[in-house]
Every structure is written in C-alpha cells, then in structure tokens.
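Analysis of the macromolecular model
Next come the chains, spelled out residue by residue.
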Amino acid sequence: MIQNDAFLRALRRQPTDYTPIWLMRQAGRYLPEYNKTRATAGSFMKLAMTPELATEVTLQPLARFPLDAAILFSDILTVPDAMGLGLSFAAGEGPKFARKTDNEQAISALAVPDMNRLRYVFDAVTTIKKALNGHVPLIGFSGSPFTLACYMIEGGSSEGFPNVRKLAYARPDLMKQLIHINAQAVAAYLNEQIAAGVDAVMIFDTWGGLLSSVAYQNLSLDTMKEVLARLNANAAGEKVPTILFTKGGGQWLDGMANSGADALGLDWTVDIAQARQRFGGKVALQGNLDPLVLLTDEKTVAREADTIIHAAGVQPGHVFNLGHGIVPQTPPENVAVLVETVHRVSREMRLE
C-alpha cells in the first residue's frame, strides 16, 4: 500500500484532497547534496549505474520537499548505450556517443539490447522501492523512440538536430527502421521497470516538437502508441498509469489524447485551462510551469503557481509539474515555495 497515493489517483482522474506535484529532473544539479554524491561517484554514468547511489539521489529531493512522487534517477540514453553506442557524459557538457547510427550500415547493425545489460536500472528500482517503504509512488521512464533516435543519429546533443530531420526526409525507410527497433527496446525496458516495481511510467518525447505534423504522427506518436500497447500489467495484475510528454507538442494534443496514455504532459506554451476543458474528461494533464519561473523570486514563483492552479481548476486529473526539466541554477528555496503554494492553494480551492 502507498501511503500518499494522490499522484496515482490524479493520473486515474480520481478525486484528491489537493493537487499533487513532482518535478521533472527533481533529483539533479540544483541540489548541493546531489553534486556531492555525484562527486563521490566520479561520473554521471557511475552514479546512474550504482543502484545504492541512484537510490540516494532519487530520495534527496523528497528529504527536502513534500513531493508526491519520486522518479527513478537514470537517463533516457541508457537504452542506446545498451545497444553498444558507448555513452559518456563530460562534466558540464551533454551526452556523447562513441558511435553514431546515421547510415544504413549502422542502423542495420542495431538490435534490441539484452535487458540484462540494463540490470543496474532495474536493481535501482527495487532498491528505491524498498527505501521509499510505501511513502510515495515511484515513476519509471524512458525516452521516446524518436527522441532516442535523435541522439543516436547526431551522436549527442545538437541544435535543432539537422541530420535527424534530413534523414527523415531523404531516407524515411531508414528512419522508420531505426525507430521501430527503438520502440521494441523501449517497450521491453519499461516492462522490466514495471516488473521491478515502478508505480507509473512516463515517455519523454523531448524532441518530437521539431517535426512537421505528418512526421510527428508517423515517426513519433505512432511509435509511442506502439510502446503503450506493448506494456504489461504489474505484479498485481493492474494497469500501470502512463504519461506521454512531447515538448513543443501542444498542437497535437488531440492525437496524443487518443494514444492510450492515461495522462499528457504539457509544456508552458499550452493554455492549461483550455486543455482541461477539451481533454480533461479523457486524460489527466500534467504541467505546466515554465522552469525559468523558478529562477526569479519567491513572490513570483507563488504567483505563477497560483495562476496555473486556478486555470487547471479542481476537476480530478491534474498533476502539477514544470513544462520541462528543472534547470541547474534553480534555488532550492524557490522549489520549497512552489511545492507549498501548490499544496496550499489547491486545498483551499477544494474547500471553497
């Protein structure tokens, strides 16, 4: 039994006493204790691949703030790393792969990885669940098949991912081949997380917003629907709630709402009041504060949080979150104000 199940209830569009909140990248560089643990580990990959340390950093934000969910500390690129692409993170830089998959030979050589190569992730889930001791739910996650392909083709982060978009136009057959492999791998990966005990799963489609409408449907949304359709029930035979998030995808919410996901993540460009009116009877909605609001001051943070809470209303099915990941420069004090404001204002609204 989970003591605080407000997050799961919201995903199922069931009534809650207040609006639950968690934050994308809530365990990260904005916390001094995280930086200390990472320094002890020696590298990001060692931190992520050591279940005890991954557990430690997963729990760090919950020790500071009364958040309503924990999220597994890992990275979306563990899956292509397990495919043999050689993932590394340099201090202060983004991810890099030793090998790219930007041509027919490289893509044809890919295969769904042996999930035992990702055993450290599933061991971390088990360890985190034990440490949480039923306090709050644990969220598992993966990158979307398309977003993984972006990094695999470019060999790391890129401004606008031009090589990805060129390949999608020039060789759609190769792009679909790569994304199909990724979809199979992501489904297997999430199913192993479910078997290990996560209480919900989220698919991060960080770069789907780069695509044209037709390409988004064919290369991103359809493959995420494929993943969702492949997910297993948990050990109790229950469906695990799912969240789908496409950054920059507000124009495609109709298709996303029919994807089979239980909830949709919204970035800050979406009018949450309108989205709740249109889709609140079909899916839960998660979001959608601009992460840069947390770089301002406590008064501004409280005001902007209040605005979103009132726009979302008290209809069941809202999880408060950022519109993307928390940035490293964020003062922890502002996060404390955000969490307190969301809980307090949403409770007050339910009593009106």
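Preceding this section is the structure that the text describes.
Here's a quick rundown of the structure. (Residues numbered from 1 in each chain as written. Predicted model: local features only at pLDDT ≥ 70, side-chain atom pairs only at ≥ 80, totals over all residues. Heavy atoms only, no water.)

**A look at helix H5 (residues 78-85)**
What counts here: Accessibility here uses a 1.4 Å probe with only protein chains present; expressed as a share of the type maximum, an area under 20% marks a residue as buried, one over 50% as exposed, and anything in between as partly exposed. Secondary structure elements are taken from DSSP: a helix is a run of H or I of four residues or more, a strand is a run of E of two residues or more, and numbering for both begins at the N terminus. Here, residues are in contact when the closest pair of their heavy atoms is within 4.5 Å.
Across the eight residues that make up H5, a large majority, seven, are buried. Looking at H5, one finds that the buried residues are Thr78, Val79, Pro80, Asp81, Ala82, Met83 and Leu85. Among the structural elements, helix H3 (44-48), strand E2 (87-89), strand E3 (95-97), helix H7 (119-132), helix H8 (145-154) and helix H10 (172-196) are those in contact with the buried residues of H5. Positive backbone phi, at 75°, marks Gly86, one or two positions downstream of H5.

**A word on the packing of aromatic side chains**
Going by this rule: Here the aromatic set is Phe, Tyr and Trp, taking the six-membered ring for Trp, and pairing holds for ring centres within 6.5 Å; pairs whose planes are under 30 degrees apart are stacked, those over 60 apart are edge-to-face, and all others are tilted.
This model, assessed by the stated rule, comprises nine aromatic pairs. An angle of 45° between the planes, with centres 4.5 Å apart, marks the rings of Phe44 and Phe89 as tilted. Residue Phe44 is located in helix H3, and its partner Phe89 is located in strand E2; the two are separated by 45 residues in the primary sequence. Taking the relative accessible area as the measure of exposure, Phe89 reaches 19% and is therefore buried. The structure contains a cluster of three or more aromatic residues connected by ring pairs, namely Tyr34, Phe44, Phe73 and Phe89.

**Focus: the nonpolar core**
As a reminder of what qualifies: As used in this record, nonpolar core signifies buried Ala, Val, Leu, Ile, Met, Phe, Trp, Tyr and Cys residues forming a set joined through side-chain atoms within 4.5 Å.
Formed by 129 residues in total, the largest nonpolar core has its most connected members in Phe7, Trp22 and Leu338. For this core, the element with the highest residue contribution is H10, accounting for 12 residues. Non-local contacts of Trp22, meaning those with residues more than four positions away in its chain, are made with Phe7, Leu67, Ala69, Ile71, Ile139, Met202, Phe204, Gln286, Val319, Phe320 and Asn321.

**Regarding the packing of helix H14 (residues 298-312) against helix H15 (residues 332-351)**
Let me state the cut-off plainly: Note on definitions: angles span 0 to 180 degrees between N-to-C directions of axes, and those axes are lines fitted to C-alpha atoms, for helices only across the stretch in contact. Crossing chirality is assigned from the near helix's rotation relative to the far helix, an anticlockwise turn below a right angle marking it left-handed and a clockwise turn marking it right-handed. For this classification, the nonpolar set comprises Ala, Val, Leu, Ile, Met, Phe, Trp, Tyr, Cys and Pro, the charged set comprises Asp, Glu, Lys and Arg, and every other residue, Gly included, is treated as polar.
It is at 9 Å that the axes of H14 and H15 come closest, and there the two elements cross at 35°. Of the two possible hands of crossing, H14 and H15 adopt the one that is right-handed. Together, Glu298, Val301, Ala302, Ala305, Asp306, Ile309 and His310 of H14 and Glu333, Asn334, Val337, Leu338, Thr341, Val342, Val345, Ser346 and Met349 of H15 make up the contact between the two elements. Within the contact of H14 with H15, the residues separate by chemical class into nine nonpolar, four polar and three charged.

**Digging into the pairing of strand E6 (residues 242-246)**
Rule in force here: In this analysis, strands are considered paired if DSSP registers two or more bridges between them.
Within E6, five of the five residues are buried, leaving the element largely enclosed by the surrounding structure. Of the two faces of E6, the one holding Thr242, Leu244 and Thr246 and the one holding Ile243 and Phe245 are both buried throughout. In this sheet, E6 lies alongside strand E5 (residues 200-205) in parallel orientation, the contact comprising five bridges. From the neighbouring strand, Val201 faces E6, where its bridge partner is Thr242. Direction of pairing for E6 relative to strand E7 (residues 263-265): parallel, over a ladder of three bridges. Considered in E7, the bridge of Phe245 is made with Gly265.

**Focus: the side chain of Thr341**
Convention followed: Polar contacts here mean pairs of N or O atoms no more than 3.5 Å apart (in protein, one a potential hydrogen donor and the other a potential acceptor; neighbouring residues in sequence count only if both atoms are side-chain atoms).
Secondary-structure assignment places Thr341 in helix H15. Relative accessible area serves as the criterion here: at 2%, Thr341 is assigned to the buried category. In terms of polar contacts, Thr341 uses its side chain to reach the backbone carbonyl oxygen of Val337, at 2.7 Å. With near-sequence residues (within four places) excluded, Thr341 lies in contact with Ala302, Ala305, Asp306 and Ser346.

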